[in-house]
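Given next are the chains, with one letter for each unit.
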Amino acid sequence: MFQENPSANCLNIITTSTEDGAFQKKGHSARVLSPEEAERLAKDQVLVSEFKQLKLEKEAQKNWDLFYKRNSTNFFKDRHWTTREFEELKACREFADQKLTILEAGCGVGNCLFPLLEEDLNIFAYACDFSPRAVEYVKKNALYSTERCKVFQCDLTKDDLLENIPADSVDVVMLIFVLSAIHPDKMHLVLKNIYKYNWYLMRQEIRVHQMSKVKFLSQLFKAEGYEQVVNEYVQRETVNRKEDLRVPRVFLQSKFQKPFNKT
């Protein structure tokens, strides 16, 4: 199985694990492409036809439901790094046991939600997903309790979150690996939708042809009224010791805040 190594706590610091030598590095510069990657990128110029784009967009919900039908809850690993990477989940509290209300938009089958609820007993979570099937899997999870969370189906680009969540009732909004599943022309609709709440935390894996996303997302959020707190690359090496494989991965990790003087 692949295992991700502990993160660094400071920008531009490489932490090497004594166990397997993998690392994580944070900073504003993306990983430099190898000659092989650059050559492969130069050759990869095939564009999806407009007809195919529209078809995929129209059938997106059906395709996500089919994905979860095939994979059930077994595709993604549980994410136990949330509070480590997003210290705001603890730092935004005035005292240690203060209740915190979060929204995980794009929760999938709960791989981030349930580890977070187990780790922090003072969190109440709203959670939503585009796929009705994913929402049902969350509700069927043995850890699901309406006293700790409320899950619902939602298309973030058009369904008003206020139909399920009262205004100004959420302290932190998380979108983990979500924006890449949304058409760039509709991303601003998502940001308008979650603007009703306070902090916004995001983590997204970046492919070699997406290295300019730091600037793009910064402009996107600022255009919708957000203030940038952190917007950086996280370079990680994922290790499969059984197969002796090391896979370099690049994530975009961002933290934005709604200005306090705006509603």
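Note that this is a predicted model, so its numbers are computed, not measured.

J.: Requested: an account of unusual backbone geometry, with residues and values cited.
T.: Peptide bonds are, in most cases, trans, and in most cases residues other than glycine have a negative phi. At D168, a position not held by glycine, the phi torsion is positive, near 60 degrees. With respect to the helices and strands, the residue D168 is situated in the loop between β5 (149–153) and β6 (172–176). For D244, which is not glycine, the phi dihedral falls at a positive 55 degrees. Following the sequence through the fold, D244 ends up in the loop between β8 (227–240) and β9 (245–257). On the basis of relative accessible area, D244 is assigned to the exposed category, the value being 66%.

J.: I'd like a rundown of helix α9 (residues 213–223), residues and numbers included.
T.: By the burial criterion, the buried members of α9 are K213, V214, L217, S218, L220 and F221. On an axial view of α9, the arc spanned by its buried residues comes to 165 degrees, and they lie on one face. Facing away from the buried side of α9 by over 90 degrees, the exposed positions are K215, K222 and A223. Looking one or two residues past α9, G225 carries a phi angle of roughly 100 degrees, positive in sign.

J.: Which residues make up the pairing of strand β3 (residues 100–105), and what values go with them?
T.: Of all six residues that make up β3, six are buried, and the element is covered over most of its length. Side chains L100, I102 and E104 of β3 all project onto a buried face; the interleaved residues T101, L103 and A105 project onto the opposite face, where all are buried too. Pairing analysis gives six bridges linking β3 to strand β4 (residues 123–129), with the strands arranged parallel. If you follow A105 over to β4, its bridge partner there is C128.

J.: Could you give me a rundown of the environment of I182, with the residues and numbers involved?
T.: Mapped onto the elements of the fold, I182 is located in the loop between β6 and α8 (187–194). Exposure remark for I182: the relative accessible area of 15% places this residue in the buried category. For the pair I182 and E57, spaced 125 residues apart in the sequence, the C-alpha separation amounts to 8.9 Å. Excluding its chain neighbours within four sequence positions, the residues that come into contact with I182 are T157, M187 and V190.

Conventions and cut-offs
- Residues numbered from 1 in each chain as written.
- Predicted model: local features only at pLDDT ≥ 70, side-chain atom pairs only at ≥ 80, totals over all residues.
- Heavy atoms only, no water.
- Helix = DSSP H or I, 4+ residues; strand = E, 2+ residues; numbered from the N terminus.
- Buried < 20%, exposed > 50% of the residue type's maximum accessible area, 1.4 Å probe, protein only.
- Arc of directions from axis to C-beta.
- Pairing = 2+ DSSP bridges.
- Contact = heavy atoms within 4.5 Å.

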